[in-house]
Amino acid sequence: MRETYGKLLPGMSLSDLGGKLIVIEGTDGVGRTTQINQLKPWLEEQGHAVLDTGMTRSPLAGEGIRRAKEGNNLGRVTQTLFYATDFFDRLENEIVPALRAGFIVLTDRYVYSLMARAMVRGVDPEWVRSVFSVALKPDAVFYLRLGIEQLVPRVVFSRGFDYWESGMDLYPGYDMYDSICAYQAALLAEFDRFSEEFKFETLNASAAPQSVFSHLKIKILRLLEMDSPARLPSMLASRAYAPAVQEARLPCAAGVTAVDFDWTEGTIAADPGHSNGNIHGPVQEVS
Amino acid sequence: MRLGPFEVLGPIPRAVSRPQKRAHNGFPGRLFVVEGIDGSGKSTQLSLLYKWLESKGYGVVFSQWNSSPLVKDTTKLGKKKKLLTPATFSLIHATDFADRTERSILPLLKAGAVVLCDRYTYTAFARDVARGMDRQWVRELYGFAVQPTVAFYFRVRLETAIGRLLDGRDGFKFYEAGMDLDLSDDPEESFRLFQGRIIEEYEKMIPEFGLTVIDATLPIETQQTRIRQIVESHLVKAAGLRIWP
């Protein structure tokens with residue numbers, strides 16, 4: 001049975017929401033969009049119907065938010081609520097119907113980004129949590145993490161300095177470089193805190209995109225087979241999935257846990273030599 | 001503070017996110033709001049109050065429900081295309097209210113203005129709960145609102161209000177009549193049912209928030225005299241707010 005983080009929206013039934021809600025989270029510049037652009041066709045190839053969604057894509061509030069951000073007079077509480085409007089429009093009109101229809105929903109950011117942005121702006125954390133407490137708990141949150149030293153150059157050199165990404169509303173008067181460092185570091189700290197609280201599965205986003213992709217594929221395969229674990233060994237051994245498993249065995253940068261795949265048992269376990277064991281979530285026992 | 005090679009700026013300033021905890025009299029200004037269903041005559045009374053305060057030399061500012069330049073186009077779009085659910089209806093109105101609070105109401109109260117609001121958080125509490133939103137969640141949603149000096153509630157019988165409204169125009173709008181709730185296919189009947197629920201919510205809020213009840217069936221002049229007496233009693237100690245003479 002699906003759950004929310006607190007209250008339930010009127011008219012929203014949680015009983016028949018099949019599907020899977022998969023969240024890709026992380027600060028700016030970690031390559032979320034790149035991953036989703038690869039994950040969607042890959043999942044569709046496996047025969048899953050996929051809905052991808054992300055911030056400011058709602059028909060109701062997306063355009064309004066873009067217009068409001070053209071100026072520099074969007075206050076922090078207003079900003080939080082405007083994004084919440086966008087989020088709940090998509091939750092009720094896209095995400096929930098898709099889950100009900102058995103889709104895999106891939107979402108580029110979720111309430112965590114919105115909460116982090118509000119909290120680093122000094123908005124009362126209790127209030128922020130209350131606003132977003134009606135959100136659905138996802139099936140998995142993959143947190144693409146990049147240290148501040150890599151994050152800032154990635155954002156700056158790919159898109160240039162953006163007023164809001166640099167947190168200039170928080171640090172007026174500073175130059176954009178100082179501001180973006182402070183702002184993104186504060187966001188990162190917030191994400192790291194959430195990562196424990198909301199049980200994110202952390203991936204090191206400094207690895208090559210293909211390596212991150214391979215890890216995501218393995219984790220998603222495990223998630224999709226949770227409902228019928230008996231099928232896991234045969235599925236993983238099948239030709240379609242073998243490349244993903246192979247790729248995931250490639251060496252990757254420090255911080256990303258290597259995945260050990262036991263072909264005889266058909267289980268994937270976090271390698272205790274590399275990780276604290278919970279990066280992959282609870283290890284699935286296959287009988 | 002250093003983080004890697006980066007010098008990180010000092011702590012981020014805290015937003016005034018829950019100003020109601022500091023109570024209205026923490027600010028030099030005063031905030032008066034009017035509440036009630038459509039057709040209760042509250043806007044007429046507020047504009048008479050505005051004229052009077054202005055003539056007395058106060059810096060008076062008027063803020064209307066649903067009037068934020070950043071947000072109102074989105075609300076209009078949602079209503080026109082019928083995109084709004086109870087949740088997004090609630091959130092978009094809260095967004096509009098937040099913008100007016102952050103950009104105008106709060107700074108003006110700090111600057112010592114007399115701020116008059118036509119509809120305030122109680123409108124959202126009444127309407128959103130009548131639409132099925134959780135009572136507590138909606139109250140928390142508006143946790144950033146400044147507590148008014150006085151909130152007037154214009155109490156009127158539903159039939160009286162409907163009579164006044166139908167005199168002035170052709171019919172009822174979709175959301176105003178609560179047509180999104182499928183209470184009835186007939187707009188007038190739907191309006192009746194929906195506004196009836198709203199009145200119930202208002203009645204519960206009178207003791208909860210200490211709303212000042214004005215009998216909206218009394219002559220306009222009688223109501224206005226009563227309102228001016230109450231407002232004046234709250235301005236006695238605020239003579240300094242007069243910007244002239």
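Residues numbered from 1 in each chain as written. Chains lettered and ligands numbered in written order. Predicted model: local features only at pLDDT ≥ 70, side-chain atom pairs only at ≥ 80, totals over all residues.

1. Focus: the overall build of chain A
Point 1. When its secondary structure is counted, chain A shows 10 helices and seven strands.
Point 2. For chain A, the proportion of its 287 residues judged to be buried stands at 47%.
Point 3. Within chain A, contacts between residues separated by at least 24 positions form 73% of all contacts whose residues are at least 6 apart in sequence. (Helix = DSSP H or I, 4+ residues; strand = E, 2+ residues; numbered from the N terminus. Buried ≥ 20, exposed ≤ 12 C-beta atoms within 10 Å, placed from the backbone. Contact = placed C-beta atoms within 7 Å.)

2. Quick look at the overall build of chain B
Point 1. When helices and strands are tallied, chain B shows eight helices and seven strands.
Point 2. Expressed as a percentage of contacts within chain B between residues at least 6 apart in sequence, the contacts between residues at least 24 apart total 79%.

3. Notes on the confidence of the model for chain A
Point 1. Taken as a whole, chain A shows an average pLDDT of 84; of its residues, 79% reach a score of 70 or greater.
Point 2. Scored below 50 in pLDDT, residues 249-287 of chain A shows 60 contacts in the model against residues more than four places distant or in partner chains. (pLDDT = per-residue confidence, 0-100.)

4. Structural notes on the interface of chain B and chain A
Point 1. Taken together, the 40 residues of chain B in the interface contact 42 residues of chain A.
Point 2. Sorting the residues of the side of chain B that touches chain A by element identifies helix H2 (72-80), helix H3 (86-111) and helix H5 (135-141) of chain B as the ones contributing at least two each.
Point 3. Looking at the side of chain B that touches chain A, the element that brings in the most residues is H3 of chain B, giving 11 residues.
Point 4. Across the side of chain B that touches chain A, the residue classes break down as 22 nonpolar, nine polar and nine charged. (Nonpolar A, V, L, I, M, F, W, Y, C, P; charged D, E, K, R; others polar.)

5. Here's the deal with the nonpolar core
Residues and elements named next belong to chain A.
Point 1. Of all hydrophobic cores here, the largest spans 143 residues; its most connected members are Ala84, Val105, Met115 and Phe142.
Point 2. Taken domain by domain, this core gets at least three of its residues from each of domain 1 (20-204) and domain 2 (209-270).
Point 3. With residues up to four places along the chain from it excluded, the contact list for Met115 reads Val128, Arg129 and Phe132. (Core = buried A, V, L, I, M, F, W, Y, C linked by C-beta atoms within 7 Å. Domains from an automatic or database assignment.)

6. Quick notes on the sheet that holds strand E5 (residues 114-118) of chain B
Residue and element names in this part refer to chain B.
Point 1. Taken in spatial order, the five strands line up as E4-E5-E3-E6-E7 in an open sheet, and their pairing is parallel. With partners counted over all chains shown, the strands left at the sheet margins are strand E4 (60-64) and strand E7 (212-215), one partner each. In this sheet, neighbouring strand axes are inclined to one another by 20° on average, regardless of whether the strands run parallel or antiparallel.
Point 2. Note: strand E3 (residues 30-35) against strand E6 (residues 150-155), four bridges, orientation parallel. Paired with Glu35 across the two strands is Tyr153, which belongs to E6. (Pairing = 2+ DSSP bridges. Axes fitted to C-alpha atoms, helices over the stretch in contact; angles between N-to-C directions.)

7. Regarding the domain arrangement of chain A
Residue and element names in this part refer to chain A.
Point 1. Per the domain assignment, the segments making up chain A are domain 1 (20-204) and domain 2 (209-270).
Point 2. With 16 residues of domain 1 at the contact, the number on the domain 2 side is 14 residues.
Point 3. Looking at the side of domain 1 that touches domain 2, the elements with two or more residues in it are strand E1 (20-25), helix H1 (32-45), strand E4 (140-145) and strand E5 (201-204).
Point 4. Of the residues forming the side of domain 1 that touches domain 2, the biggest block, five residues, is contributed by H1.
Point 5. Partitioned by chemical class, the residues of the side of domain 1 that touches domain 2 number seven nonpolar, six polar and three charged.

8. Quick notes on the pairing of strand E3 (residues 104-108) of chain A
All names here are of chain A.
Point 1. The buried fraction of E3 amounts to four of the five residues, a majority that puts the element mostly inside the structure.
Point 2. Pairing of E1 with E3 involves five bridges; the strand directions are parallel. Its bridge partner being in E3, Ile24 is matched across the sheet by Asp108.
Point 3. Pairing analysis gives five bridges linking strand E2 (residues 50-54) to E3, with the strands arranged parallel. Bridge pairing in E3 places Leu51 opposite Val105.

9. Some words on the sheet that holds E4 of chain A
Residue and element names in this part refer to chain A.
Point 1. Here we have five strands laid out as an open sheet, ordered E2-E3-E1-E4-E5, and parallel in their pairing. Every other strand in the sheet has two partners, leaving E2 and E5 as the edge strands with one partner each. Put simply, the sheet's adjacent strands are angled 20° from each other on average, direction ignored.
Point 2. As paired strands, E1 and E4 are joined by four bridges and run parallel to one another. Within the sheet, the bridge partner assigned to Val23 lies in E4 and is Val141.
Point 3. Against the sheet, helix H3 (residues 76-100) engages E1, E2 and E3, with an angle of about 160° to E2.
Point 4. In this fold helix H8 (residues 209-224) packs onto E1, E4 and E5, with an angle of close to 170° to the strand it touches most, E4.

10. Quick look at the pairing of E1 of chain A
Point 1. Counted residue by residue, E1 of chain A has six buried out of six residues, so it is predominantly covered.
Point 2. Neither face of E1 of chain A is exposed, since Lys20, Ile22 and Ile24 of chain A on one face and Leu21, Val23 and Glu25 of chain A on the opposite face are all buried.

11. Points about H3 of chain A
Residues and elements named next belong to chain A.
Point 1. Taking 1.5 Å as the rise per residue, H3 with 25 residues should run 36 Å; its terminal C-alpha atoms sit 34 Å apart, in good agreement.
Point 2. Helix geometry: H3 is bent most strongly at Leu91, by close to 45°.
Point 3. Taken across its 25 residues, H3 has 20 buried, putting it largely inside the fold. (Expected span 1.5 Å × (residues − 1). Bend = angle between axes of the 7 residues up to and from the residue.)

12. With respect to the packing of H3 of chain A against H3 of chain B
Point 1. Close contact between H3 of chain A and H3 of chain B brings their axes to 8 Å; oriented N to C, the two are set at 170°. As summarised for this structure, H3 of chain A and H3 of chain B are arranged roughly antiparallel, according to the angle between their axes. Of the residues in H3 of chain B, those in contact with Val77, Thr78, Leu81, Phe82, Ala84, Thr85, Phe88, Asp89 and Glu92 of chain A of H3 of chain A are Ala87, Thr88, Leu91, Ile92, Ala94, Thr95, Ala98, Asp99 and Glu102 of chain B.
Point 2. Residue composition of the contact of H3 of chain A with H3 of chain B, by class: 10 nonpolar, four polar and four charged. (Parallel < 35°, antiparallel > 145°, perpendicular 65-115°, else oblique.)

13. Points about the environment of Met226 of chain A
Point 1. One can find Met226 of chain A in the loop between H8 and helix H9 (232-237).
Point 2. Put simply, Met226 of chain A and Phe157 of chain A are 69 residues apart on the chain and 40 Å apart in space, counted from C-alpha to C-alpha.

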